[in-house]
Amino acid sequence: PAYGTYIGGFDLYKTATSNTTTSLAVCYIMRRDGAMNKLVASYATRPSVPEYLYEQVEMMLTYYNATCMCEKEDMLPFEKYMQRKNKLHLLAKGLALTRTLNPKSLIAGEYGFSATPSKNKQLLSSSSINYVNGVHEVYRDNDDLLTMVGARFIPDIMLLKELREWGKHKNYDRKSAFEQCLVLAYDMDTN
């Protein structure tokens, strides 16, 4: 990968649910480039064997040397996989941020960021809204300065569709993974 700091966001699916669900596992990798975070890789799937998913995400994180924030509620099997591979250092710790937002939180485990407390939900949702609608300055090769809204930096059409249709359906796996990336960026910026 190009020089820079890379972060990831990962939304897993519940393996215990039926085979008819449309839920996907989604992983995004973002390059932190100054004040702008840009998507550089994505992976969305629902393999019949979760180990295949874990292996692909592990390879993405290793290749980019990315720290990844996972949605806490479904990440335990992936956390155990990464522990077996001796790669827990690639998983972001979200417990401190959760406790900052929710001082009385009883959430256990240091890895991942919970999507359930209301202040966490607000941070997740506002992070994607701010990114998509935010105006960013970008220099081109000839030193021309352009200003563009964040939505222009999202190459994933399905993610844009989920962001646009938020609230109309029940499945927002891409949005969730994207927001995990942005929450990790927020945590890194504020700490």
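See the structure printed just above.
I will try to describe carefully the structure that is included in this document. Worth saying up front: this structure is predicted, and the values here are computed from it rather than measured.

Parameters and conventions
- Residues numbered from 1 in each chain as written.
- Predicted model: local features only at pLDDT ≥ 70, side-chain atom pairs only at ≥ 80, totals over all residues.
- Heavy atoms only, no water.
- Core = buried A, V, L, I, M, F, W, Y, C linked by side-chain atoms within 4.5 Å.
- Buried < 20%, exposed > 50% of the residue type's maximum accessible area, 1.4 Å probe, protein only.
- Helix = DSSP H or I, 4+ residues; strand = E, 2+ residues; numbered from the N terminus.
- Contact = heavy atoms within 4.5 Å.
- Salt bridge = Lys/Arg side-chain N within 4 Å of Asp/Glu carboxyl O.
- Expected span 1.5 Å × (residues − 1).
- Polar contact = N/O pair within 3.5 Å; in protein donor to acceptor, adjacent residues only side chain to side chain.
- Pairing = 2+ DSSP bridges.
- Axes fitted to C-alpha atoms, helices over the stretch in contact; angles between N-to-C directions.

Observations concerning the nonpolar core
Right, so step 1: With 29 residues, the main nonpolar core has Y28, M30, F113, Y131, I154 and F178 as its most contacted residues.
Right, so step 2: Ranked by the residues each element gives to this core, the list is headed by helix 6 (residues 173–190), at 7 residues.
Right, so step 3: Residue contacts for Y131: discarding those within four places in its chain leaves M30, M36, N37, K38, H136, G150, A151, F153, I154, F178 and L182.
Right, so step 4: In this structure, L12, L53, V57 and C70 belong to the second largest nonpolar core, which totals 24 residues.

Let's talk about the pattern of salt bridges
Two side chains that carry opposite charge are able to pair once their charged atoms sit near each other.
Right, so step 1: Scanning all chains against the criterion turns up 8 salt bridges.
Right, so step 2: For E51, the salt bridge goes to R84, with nearest N and O atoms at 3.0 Å. Of this pair, E51 sits in helix 1 (residues 50–64) while R84 is found in helix 2 (residues 76–84), placing the two residues 33 residues apart along the sequence.
Right, so step 3: E51 gets classed as partly exposed once you look at its relative accessible area, which sits at 36%.
Right, so step 4: Residue R84 is classed as exposed on the basis of its relative accessible area of 56%.
Right, so step 5: For E179, the salt bridge goes to K175, with nearest N and O atoms at 2.5 Å.

With respect to unusual backbone geometry
Excluding glycine, residues mostly carry a negative phi; peptide bonds, for their part, are mostly trans.
Right, so step 1: Positioned with a positive phi, N65 is a non-glycine residue whose angle comes to about 50°.
Right, so step 2: Checked against the element boundaries, N65 lands in the loop between helix 1 and strand 4 (67–70).
Right, so step 3: Phi at N86 is positive, roughly 60°, even though this residue is not glycine.
Right, so step 4: Mapping N86 onto the fold places it in the loop between helix 2 and helix 3 (95–101).

Points about helix 6
Right, so step 1: When the terminal C-alpha atoms of helix 6 are compared, their 26 Å separation across 18 residues agrees well with the 26 Å that a helix rising 1.5 Å per residue should span.
Right, so step 2: Buried residues dominate helix 6, accounting for 14 of its 18 residues.

What to know about the side chain of S176
Right, so step 1: When you line up the elements, S176 lands in helix 6.
Right, so step 2: Among the polar contacts listed, one links the side chain of S176 to the side chain of D11, at a separation of 3.4 Å.
Right, so step 3: Apart from the residues lying within four places of it in its own chain, the contact partners of S176 are D11 and E71.

Digging into the sheet that holds strand 4
Right, so step 1: Judged by pairing direction, the sheet is mixed, and its 4 strands sit side by side in the order 3-2-1-4 without closing on themselves. The open sheet terminates on both sides in strands that have one partner only, identified here as strand 3 (36–45) and strand 4. Along the sheet, successive strands turn relative to each other by an average axial angle of 20°, direction set aside.
Right, so step 2: Inspection of the sheet shows strand 1 (residues 5–11) paired to strand 4 by 4 bridges, in the parallel sense. Bridging from a neighbouring strand, F10 pairs with C70 of strand 4.

Treat this as a map of the structure, not an account of what it does.
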